[in-house]
Amino acid sequence: NTRLTSASRIYGTTGPYVVSSGECGEGLTWELDDLGSLTISGSGAMTSCPWTSSTSSIKKVTIEYGVANIAASAFQSCYNLTQITIADTVTDIGESAFKSCNNLTSVTIPDNVISIGSYAFSGCSNLMSVTIPDNVTTFSDYTFGGYSGKIYCSLISPAALYLGQINRSFRVPDAKYDLLYLYEDGVQTGLAITGVDSNIDSLIISEPV
């Protein structure tokens, strides 16, 4: 992508230009443009987050193919962040990575992610949906603290067991019902099923339940 310089803006050319940039890990670079788009590119692990002084300016984040992880607190308190694209090379989302991103409305976690850290999505008050792939095997306490939206996952995923343990409902992708594990004194006592579509008249649950 061609990025324009500040000089070209002065002479009337429109389009985004880089306002700050640098390194955020060995083999990784980042650029923030004047429209609030932050792009992280290269190959390797994210070990630092030098853009934290510009959190109020960040509106869109693109993590390109080759980036291995999202560092702890990487986008914490990016209050104006509304869109994030995460490449499927990412395998780990660090602690408090998106904490208090109040304007983030949806997140799709890539299939290769296996770990989501504590408080990763805590305080995301406008986040309405999170899609979790089956490969995610590690959750921490308060990963979704304060989150009241829908969490999408399959019944056979580790996410389903985790969500059941904290009495949270979740929706099976493309289905017309919500599920809620019921627990009493730490023992699962049932599975509540709530129809999303008022026209639904039957539901088949295969063994084992």
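> How would you explain the environment of Glu95 if you had to name every residue and give the values?
With respect to the helices and strands, the residue Glu95 is situated in the loop between β7 (92–93) and β8 (106–108). Excluding residues that lie within four positions of it along the chain, Glu95 makes contacts with Ala72, Ser73, Gly117 and Ser118.

> Which residues make up the sheet that holds strand β5 (residues 69–70), and what values go with them?
Spatially, the 4 strands line up as an open sheet ordered β5-β7-β9-β11, and their pairing is parallel. Strand pairing shows two members of the sheet lacking a second neighbour, β5 and β11 (138–139), which therefore form its edges. Here β7 pairs with strand β9 (residues 115–116) via 2 bridges, running parallel. Bridge pairing in β9 links Ile93 to Ile116.

> Explain the sheet that holds strand β4 (residues 60–63) to me, using residue names and the numbers behind them.
The 5 strands lie next to each other as β1-β2-β3-β4-β6, forming an open sheet whose pairing is mixed. Taken across any chain shown, the strands that pair with only one partner, and hence form the sheet edges, are β1 (18–25) and β6 (83–86). The sheet shows a mean angle of 10° between the axes of neighbouring strands, direction not considered. The pairing of β4 with β6 spans 4 bridges and is classified as parallel. Bridging from a neighbouring strand, Val61 pairs with Ile84 of β6.

> Any chance you could break down the packing of aromatic side chains for me, citing the residues and the numbers?
Under the criterion given, the structure shown has 4 aromatic pairs. Between Trp30 and Trp51 the ring centres are 5.7 Å apart and the planes differ by 65°, which places this aromatic pair in the edge-to-face class. Taken together, the positions of Trp30 in strand β2 (residues 28–33) and Trp51 in the loop between β3 (37–42) and β4 put the pair 21 residues apart, joining distant regions of the chain. According to the relative accessible area criterion, Trp51 is buried, its value standing at 0%. Plain terms: the ring middles of Phe98 and Phe121 are 5.3 Å apart, the flat faces sit at 10° to each other, and that makes the pair stacked. Residue Phe98 is located in the loop between β7 and β8, and its partner Phe121 is located in the loop between β9 and β10 (129–131); the two are separated by 23 residues in the primary sequence. Comparing Phe98 with Phe121 shows no difference in burial state: the two are buried.

Analysis parameters
- Residues numbered from 1 in each chain as written.
- Predicted model: local features only at pLDDT ≥ 70, side-chain atom pairs only at ≥ 80, totals over all residues.
- Heavy atoms only, no water.
- Helix = DSSP H or I, 4+ residues; strand = E, 2+ residues; numbered from the N terminus.
- Contact = heavy atoms within 4.5 Å.
- Pairing = 2+ DSSP bridges.
- Axes fitted to C-alpha atoms, helices over the stretch in contact; angles between N-to-C directions.
- Phe/Tyr/Trp six-rings, centres within 6.5 Å; stacked < 30°, edge-to-face > 60°.
- Buried < 20%, exposed > 50% of the residue type's maximum accessible area, 1.4 Å probe, protein only.

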